[in-house]
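# Summary of structural features
Listed below are the residues making up each chain.
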Amino acid sequence: MHLYTMMIDGYALNHRLDDAIQLFEKMPVRDTVSWNSMIKGCLNGGDLITAKKLFDEMPGRNVVSWTTMVNGYLQFGKIEVAERLFFEMPVKDVAAWNSMIYGYLKSGRVDEAVNLFRKMPSRNVISWTSMIDGLDYNGRNDEALIFYKKMVGFGVKLSSNTVSCVLRACANVMALHLGVQTHCQVVKLGFSFDEFICTSLLTFYANCKQMENACKVFNEKLHGNVVIWTALLTGYGLNHKHESALMVFGDMIRMAVLPNQSSFTSALNSCSGLEALDKGKEIHAVSVKLGLGSDVFVGNSLIVMYTVCGSINDAVAAFSNIGEKNVVSWNSIIVGSAKHGQGKLVLTLFSRMIRDEVDPDEISFTGLLSACSHSGMLQKARCFFEYISRYKSTAIKLQHYVCMVDVLSRCGKLEEAEELIKNMKVKPNSIVWLALLSACRMHSNLGVAERAAKSILDLEPNCSAAYVLLSNIYASAGKWSDVSRMRVRMKQAGIVKQLGCSWVTLRGVRHEFVCADRSHPLSEKIYQKLDWLGGKLKEFGYVPEESFALHDVEDEQKQEMLLYHSERLAVAFGLVTTAEGSTITVMKNLRACGDCHSAIKLIAKIVGREIIVRDSTRFHHFRNGMCSCGDYW
């Protein structure tokens, strides 16, 4: 009899369900154990119908039979049937109660799980752990920790699984004190070298911004487990210590710990944080060598990394190499292409997404509307927005309104954009009004600008962007008394204008510049290059747009101020430090200066290079006297 049961279990484990059933039917005598094994085998093999048939035919069920069937219904998502069967059980042991509680929690029916837990005649460590884990899983982290304290108060002995669940909950709510106490329990119980607990401790300390303690946990033992290494790597990334994260990734390789998808994702996210394209390409190469080049998770991170670092062509190539694309893959390439002003590409990608039967979500539509905004496709934007409003009413979000206001404003439809804001179905925030205000300078509309600025300051009285934008609009119009008034108001409110800064990342080192900056070691060469470029620009007919020099000074001073804007210093630095013909990528924290935009177009033609400038809203690709934005920005 025992041999028959072992064979049935073996067939079921190897997915030979037909053989298991045939053997079961040949058995001369079937005991309860063999019936239970057959039912469980059918459930594990995905055959709920046969399992139910066997359960109904079973002559003598025990508590294991009932619990197995309850678990089966829960496994197939039939919680109401499982619930009915559970309450029909003539006898329930603690395992049956635990199964039903677990099912409630996994289906989000938390209150029912709590009520059932309270009715349990007896509880074990699994009961308590299920509640702690389930509450945390459903976002009720504080309640999870309350249950943990009650568990300790009742003197229930902790398991390693309990401790891992508690540490996860502590990490989610950054409960440092309780987490440290739990760490002490880990040491007392001898769980220090348990790999799951070690991973949970690393994540807990990283979430609580305690990277020194995370490192101490990691260094207590020489680890060969990729999950533990990845937890440390991810922790550094979460704390914006991207250089340290990449050092951990390098150490993994040197220690022959093969990175997994999560390792590559975290490492590539740190490359994005550092805008370190060269390092990102190195890690990409490693992923290909390890056979993960077409993995969807690695591919999605590659798309983001290449997009952030200014290499949209590599991002498209990474997208094409993904084996099975998910909605995140499509959204990443659509949003990335939109930031690079590739409007037609975005429309093509969206069409392919629909053909491949991938349902777009709110991020997809945000990317579409953003692409329309950056490419001046007003009618396309109207169609998409109308579609979202009419057919996707539950999906329309604030960011869709921001994009639509931006499209209308850039196209000069300022009054229509203002009316759209007033009639929004959701409450407008300062970002919506800022989209309108930022376009007012381009179209020289002081009336709308003043109303937009007032709306922003009503919502956010200390919004420096509103003051600066309105001040710049006054300056462009030559209203210097209004400029002075705005500056006085900013000073009285203690509002400081964000300093414009541009930078170039070269061989892992970030070189930053501000307007008229002479602090860089290569300043002499940078200014020599700018002077040389100034002469060449005049030969090409360049005339400075003095309206972008936002100070009430003489024309000659205005021209000199424009010549040494931070983005030009960064471009000049790139020219003197990189190989002839190579691409220069400049990042800026604010919107690019209009005069610098005109000048860099010509500089790209003069030096015969591609110059990429990312400002606060988009990427500009300058080639041969042209910009990818088509001067629509």
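Residues numbered from 1 in each chain as written. Predicted model: local features only at pLDDT ≥ 70, side-chain atom pairs only at ≥ 80, totals over all residues. Heavy atoms only, no water.

Naming follows an unreviewed UniProt entry, where the protein appears as DYW domain-containing protein of Gossypium trilobum.

## Notes on the overall build of the protein
Condition: Put simply, DSSP H or I for four residues or longer makes a helix, DSSP E for two residues or longer makes a strand, and each gets a number counted from the N terminus. The contact rule is simple, with two residues in contact once any of their heavy atoms fall within 4.5 Å. The accessible surface values rely on the Shrake-Rupley method and a 1.4 Å probe; as for residues, cover is taken only from the protein chains in view. Lys and Arg are tallied as positive, Asp and Glu as negative. Neither His nor the chain termini are counted. Lys charges are placed at NZ, Arg charges at CZ, Asp charges at CG and Glu charges at CD.
In terms of helices and strands, the protein carries 34 helices and 6 strands. In terms of principal-axis extent, the alpha carbons of the protein reach across some 105 × 55 × 50 Å. Nonlocal contacts in the protein, meaning residues at least 24 apart in sequence, comprise 62% of its contacts between residues at least 6 apart. Element-wise, carbon and sulfur atoms account for 53% of the exposed surface of the protein, whose accessible area totals about 30,500 Å². Computing the positive centroid from 70 side-chain charges and the negative centroid from 63, the protein places the two 1 Å apart.

## A closer look at the pattern of salt bridges
Rules: Just to be clear on terms, a salt bridge is a Lys or Arg side-chain nitrogen sitting within 4 Å of an Asp or Glu carboxyl oxygen. When a residue's accessible area, from a 1.4 Å probe over protein chains only, is under 20% of the maximum for its type it is buried; when over 50% it is exposed; and in between it is partly exposed.
Enumeration according to the criterion identifies 23 salt bridges in this entry. A salt bridge links D111 to R140, with the nearest nitrogen and oxygen atoms 3.1 Å apart. Taken together, the residues span a long stretch of sequence, with D111 in helix 8 (residues 110–119) and R140 in the loop between helix 9 (125–137) and helix 10 (141–153) at a distance of 29 residues. For R140, a relative accessible area of 25% translates into the label partly exposed. For D482, the salt bridge is made with R485, and the minimal N-O distance between the two is 3.1 Å. Taken together, the residues span about one helical turn, with D482 and R485 both in helix 30 (residues 480–493) at a distance of 3 residues. The buried category is assigned to D482, whose relative accessible area is 19%. One salt-bridge network, in which partners are shared between bridges, spans E80, E83, R109 and E112.

## Let's talk about the pairing of strand 5 (residues 619–623)
The line we're drawing: Whether two strands pair comes down to DSSP finding at least two bridges between them.
Within strand 5, 4 of the 5 residues are buried, which leaves the element mostly enclosed by the surrounding structure. Relative to strand 5, strand 4 (residues 611–614) runs antiparallel, the two sharing 4 bridges. By the bridge assignment for strand 5, I612 is matched with H621. Connecting strand 4 to the antiparallel partner strand 5 that follows it, the hairpin turn spans 4 residues. Examined bridge by bridge, strand 5 and strand 6 (residues 626–627) share 2 bridges and lie antiparallel to one another. Note that in strand 6 the partner of F622 across the bridge is C627. The loop that links strand 5 with its antiparallel partner strand 6 comprises 2 residues; one of these, N624, has a positive phi angle of about 50 degrees.

## Let's talk about helix 25 (residues 398–410)
Spelled out, the test is: To estimate the expected span of a helix, count its residues, drop one, and scale the result by 1.5 Å.
Compared with an ideal rise of 1.5 Å per residue, which puts 13 residues at 18 Å, helix 25 spans 18 Å between its outermost C-alpha atoms and is within 8% of the ideal. The element helix 25 is extensively covered by neighbouring structure, given that 11 of its 13 residues are classed as buried. Buried residues of helix 25: H400, Y401, V402, C403, M404, V405, D406, V407, L408, S409 and R410, and no others. Residues of helix 25 that are buried make contact with helix 23 (362–375), helix 24 (378–391), helix 26 (414–422) and helix 27 (430–440). Immediately downstream of helix 25, the backbone of G412 shows phi near 85 degrees, a positive value.

## Brief notes about the environment of R168
Under the convention used in this document: Pairing of N or O atoms within 3.5 Å defines a polar contact, subject to two protein rules: one partner must be a possible hydrogen donor and the other a possible acceptor, and residues neighboring in sequence count only if both atoms are side-chain atoms.
Within the fold, R168 resides in helix 11 (residues 160–173). Given a relative accessible area of 36%, R168 falls into the partly exposed group. Distance in space between the C-alpha atoms of R168 and R568 is 48 Å, their sequence separation being 400 residues. Look past the residues within four positions of R168 in its chain and what remains in contact with it is D133, D136 and S200. A polar atom in the side chain of R168 sits 3.2 Å from the side chain of D133.

## Let's talk about the side chain of H340
For H340, the position within the fold is in the loop between helix 21 (327–339) and helix 22 (343–355). Overall, the relative accessible area of 0% leaves H340 in the buried class. If sequence neighbours within four positions are ignored, H340 has contacts with T307, G310, S311, I312, R618, F619, H621 and S628.

## Some thoughts on the packing of aromatic side chains
Aromatic ring pairs are described here by two measures, namely the spacing of the ring centres and the angle between the planes. The cut-off we apply is this: Between 30 and 60 degrees the pair is tilted, below 30 it is stacked and above 60 it is edge-to-face, where a pair is any two Phe, Tyr or Trp rings, Trp via its six-membered ring, whose centres lie within 6.5 Å. Any Lys NZ or Arg CZ that is within 6 Å of a ring centre and within 35 degrees of that ring's normal is treated as a charge sitting over the ring.
Evaluated as defined, the whole model comprises 17 aromatic pairs. On the numbers, 5.2 Å between centres and 75 degrees between planes, the contact of F86 with F87 is edge-to-face. On the basis of relative accessible area, F86 is assigned to the buried category, the value being 0%. Grouping aromatic residues by their ring pairs yields a cluster made of F117, W128, F147 and F154. Sitting above the plane of the F319 ring, K325 keeps its charged end 5.1 Å from the centroid. When the ring centre of Y527 is taken as reference, the NZ or CZ atom of R518 above it lies at 3.7 Å.

## Examining the pairing of strand 2 (residues 509–513)
As paired elements, strand 1 (residues 502–506) and strand 2 share 5 bridges and run antiparallel to each other. Pairing of T505 across the sheet is with R510, part of strand 2. From the end of strand 1 to the start of strand 2, which pair antiparallel, there are 2 residues, and R507 there has a positive phi angle of about 50 degrees.

## Considerations on the sheet that holds strand 4
The strand order across the open sheet built from 6 strands is 2-1-3-4-5-6, with neighbouring strands paired in mixed fashion. Two strands bound the open sheet, and with one partner strand each, they are strand 2 and strand 6.

## So, the UniProt feature "repeat: PPR" (unreviewed entry) in the protein
Quick note on the threshold: UniProt positions are given in the numbering used here, feature names are shortened, and annotations may be inferred rather than shown by experiment.
Following the UniProt record, one finds the feature "repeat: PPR" (unreviewed entry) at residues 1–30, 31–65, 93–127, 225–259 and 326–360. The span residues 31–65 carries 74% helix and 0% strand; its end-to-end C-alpha distance comes to 12 Å.

## So, helix 34 (residues 594–607)
Look at helix 34: 20 Å from first C-alpha to last across 14 residues, which is about the 20 Å you get at 1.5 Å a residue. Burial within helix 34 is extensive, with 12 of its 14 residues counted as buried. Every buried residue of helix 34 is accounted for by G594, D595, C596, H597, A599, I600, K601, L602, I603, A604, I606 and V607.

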